[in-house]
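Breakdown of the fold
So you can see what is in the structure, the chains are spelled out below.
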Amino acid sequence: VLRCLGIPTRVITNFNSAHDKNLNLSIDKYIDMSGNTLHLSEDSVWNFHVWNESWFVRKDLGSFYDGWQVLDATPQEKSKGIYQCGPASTRAIKEGDVNLDYDSPFVFAAVNADCVTWIRYSKKRKERIYSDTRKIGRFISTKAVGSNSRVDVTTNYKYPEVKEISFKIPYSQYKNSLLDDRKILVTAV
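This section reports on the structure supplied with the text. The structure presented is a predicted model; accordingly, all values stated were derived computationally and were not measured.

Considering the sheet that holds strand S1 (residues 9–19)
With respect to topology, six strands assemble into an open sheet ordered S8-S5-S4-S1-S11-S12, the strand pairing being antiparallel. Looking at the sheet topology across the chains shown, the edges are occupied by strand S8 (88–89) and strand S12 (150–152). Relative to strand S4 (residues 44–56), S1 runs antiparallel, the two being bridged by ten bridges. Following the sheet pairing, Thr13 is matched in S4 by Val50. Most of the contacts of helix H2 (residues 104–112) go to S1, to which it runs at about 70°, and overall it touches S1, S4, strand S5 (67–71), S8 and strand S11 (138–143).

Let's talk about the environment of His19
Take His19: it is sitting in strand S1. Residues His19 and Ser44, 25 residues apart in the sequence, show an inter-C-alpha distance of 5.2 Å. Each residue touching His19, except ones within four places of it in the same chain, is listed here: Ile27, Glu42, Asp43, Ser44, Trp46, Gln76, Glu77 and Phe106.

What about the sheet that holds strand S10 (residues 126–132)?
In spatial order, the strands read S3-S2-S9-S10; together these four strands make up an open sheet with mixed pairing. Only two strands of the sheet have a single partner each, and these edge strands are strand S3 (37–38) and S10. The pairing of strand S9 (residues 114–120) with S10 spans six bridges and is classified as antiparallel. Bridge pairing in S10 links Cys115 to Asp132.

Observations concerning the packing of aromatic side chains
Within the structure shown, the criterion is met by five aromatic pairs. Judged by centre distance (6.5 Å) and plane angle (50°), the ring pair of Phe15 and Phe48 falls under tilted. With Phe15 in strand S1 and Phe48 in strand S4, this residue pair connects regions lying 33 residues apart in the sequence. For Phe15, a relative accessible area of 32% puts it in the partly exposed group. For Phe48, a relative accessible area of 48% corresponds to the partly exposed category. If you follow Arg58 out to its NZ or CZ, it ends over the ring of Tyr102, 4.9 Å from the centre. In this structure, Lys94 is placed above the aromatic ring of Tyr159, and the distance from its NZ or CZ to the ring centre is 4.5 Å.

What counts, and where the lines are drawn
- Residues numbered from 1 in each chain as written.
- Predicted model: local features only at pLDDT ≥ 70, side-chain atom pairs only at ≥ 80, totals over all residues.
- Heavy atoms only, no water.
- Pairing = 2+ DSSP bridges.
- Helix = DSSP H or I, 4+ residues; strand = E, 2+ residues; numbered from the N terminus.
- Contact = heavy atoms within 4.5 Å.
- Axes fitted to C-alpha atoms, helices over the stretch in contact; angles between N-to-C directions.
- Phe/Tyr/Trp six-rings, centres within 6.5 Å; stacked < 30°, edge-to-face > 60°.
- Buried < 20%, exposed > 50% of the residue type's maximum accessible area, 1.4 Å probe, protein only.
- Lys NZ or Arg CZ within 6 Å of the ring centre and 35° of its normal.

So, in structure tokens, the structure goes:
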């Protein structure tokens, strides 16, 4: 319908799409001390989820948020009392501006939530035992114009994950070498 009105629109597919039911920006899994899953959260991870993006000027949010906006024709949660999702600015999603209207926190979690496993010792005591920051929001894609090729638009939604550095020397030795480098720079100035 939006294309018929002359508004640029495209279909987006998000693989490993988070469904953050309580909007805490994480997908929480709880286990007991024996490792059995406790069904305390309604959060889930879907293999994929599909929505639309349309290109809008955002006078209501400011020009910083102009551009592609997420619109979900199949929302799973109520927003302001009705089933709706969007228009959420992809720029807001990428920048983590989850305090904006139009379901920004829900879309942010769909592409960028952490998967956290908790061990629950009692109703009052739990401990985070694992966190996966890379599982959610993989290969966010659309179809290329004029061909059936996939275009990866993940960087429109999130910054690249920071890669872990593996040390071949003890960390204390590495840390001391940085101090030595700083001394050399100070001496050179």
